[in-house]
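Summary of the model geometry
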Amino acid sequence: MKALSKLCVAVVVWTVLAPGAGAQLLVDPAGRAAPGGWQAGGGYQDFEANYTVDTVYESLATPDFSRKVYTLYAAYGVLPKLDVFLAAGLSDDLENSDHPAISGDGNVFGAGARGRLWEANGFGVSAYGQVSRMDESFSDERVAHSSIGPNVNERDVEFTALLVGALATYTIEGLTLFAGPEWLAWQDGDYDYKTTLEDGSVYSEDTLGIERSDEFGLRAGARYNFASLWAWAGFASGHEDSWVLGVGGDF
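Residues numbered from 1 in each chain as written. Predicted model: local features only at pLDDT ≥ 70, side-chain atom pairs only at ≥ 80, totals over all residues. Heavy atoms only, no water.

1. Looking at the overall build of the protein chain
Within the protein chain one finds 1 helix and 12 strands. The order of α-helices and β-strands along the protein chain, N terminus first, is α-β-β-β-β-β-β-β-β-β-β-β-β. At 20 Å, the protein chain has a C-alpha radius of gyration in line with the 18 Å of a compact globule built from 251 residues. For the protein chain, the C-alpha atoms occupy an extent of roughly 65 × 35 × 25 Å along the three principal directions. In the protein chain, which comprises 251 residues, the proportion classed as buried is 44%. Total accessible area on the protein chain stands at roughly 12,200 Å², and carbon and sulfur atoms take up 60% of it. Taken as two groups, the 15 positive and 35 negative side-chain charges of the protein chain have centres that lie 13 Å from each other. (Helix = DSSP H or I, 4+ residues; strand = E, 2+ residues; numbered from the N terminus. Rg over C-alpha atoms; globule rule 2.2 N^0.38 Å. Buried < 20%, exposed > 50% of the residue type's maximum accessible area, 1.4 Å probe, protein only. Areas by Shrake-Rupley, 256 points an atom, 1.4 Å probe, with all protein chains shown as cover. Lys, Arg positive; Asp, Glu negative; His and termini not counted. Charge placed at Lys NZ, Arg CZ, Asp CG, Glu CD.)

Encoded structure:
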């Protein structure tokens, strides 16, 4: 109970204090740590989604963001059918369609829970929730030239979101197939931009609101267990276009 209390406090504190455009799922949604046991895993994710920026310039209002994300997470089983997890990752190869010449990197943190709602004869229903925060920074790969002269564009995105989902699962001989709806239940983001001229003066800068354009989507995939180790693959569509590969183990 002392270890559980410390873990719950850590989840809350870490979620509030973690540096904070993502909202992608950072863990295996069909997995779950055994009661009193630990689970650790990692994955690689390729992600793209459309966002809406609060700007009067139509050409900049609906950019697509894409990124590759490398994640690690640890989960602890708090109840027979419920675990909690912490996740962290690095994002790379960031691209922003409103300025194709800029790229960048960032970091992401998440915390949440996964639970089994029902299971019988290999079939099951589970649910999960995750709070995540992501920081991303973009800058020009080279000096841009336009009507204002040589300049450099910089973009910073901070994004916090609550992601929830439900899965129908079917397990046979260590293989679990899963699919279900996912909902971006809450989101809050800031989009900072700055254009700097060759002499170092700032031509323009502002902070705009940003949010994912679509809230609902579908997630599906498969998970295979062999002894205490497992591997999984999945994809999401609708609110985002992404696919992920992951491995891990139970301890």
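2. Some points on the environment of G209
Structurally, G209 is set in strand 9 (residues 202–212). Given the relative accessible area of 31%, G209 is considered partly exposed. Taking C-alpha positions, G209 is 17 Å from S132, a pair spaced 77 residues apart along the chain. The contacts of G209, once residues within four sequence positions are left out, are T52, V53, D54 and G189. (Contact = heavy atoms within 4.5 Å.)

3. Here's the deal with the confidence of the model for the protein chain
Overall, the prediction assigns the protein chain a mean pLDDT of 88, with 91% of residues at 70 or greater. Within the model, pLDDT remains below 50 along residues 1–22, and this stretch shows 38 contacts once partners closer than five positions in the same chain are excluded. (pLDDT = per-residue confidence, 0-100.)

4. What about a negative patch on the surface?
A surface patch of negative charge is lined by E48, E95, E141 and D241. Tracing the sequence through the fold places E141 in the loop between strand 5 (123–140) and strand 6 (144–146). (Patch = residues over 30% accessible without salt bridge, like charges linked within 9 Å, V, L, I, M, F, W, Y side chains within 5 Å. Salt bridge = Lys/Arg side-chain N within 4 Å of Asp/Glu carboxyl O.)

5. A word on the pairing of strand 12 (residues 241–250)
Across 10 bridges, the pairing between strand 1 (residues 38–53) and strand 12 is antiparallel. Looking at strand 12, one finds that D46 is bridged to W243. (Pairing = 2+ DSSP bridges.)

6. Describing the pairing of strand 8 (residues 175–197)
Bridge analysis of strand 7 (residues 149–172) against strand 8 gives 20 bridges, and the strand direction is antiparallel. Residue pairing across strands places T169 opposite F178, the latter belonging to strand 8. Between strand 7 and strand 8, which follow one another and run antiparallel, lie 2 residues, and E173 among them has a positive phi close to 50°. As paired strands, strand 8 and strand 9 are joined by 7 bridges and run antiparallel to one another. Across the sheet, residue T196 finds its bridge partner in strand 9, namely V202. In textbook terms, the turn of a hairpin is the stretch between consecutive antiparallel strands, and for strand 8 and strand 9 this stretch comprises 4 residues, one of which, G200, has a positive phi near 95°.

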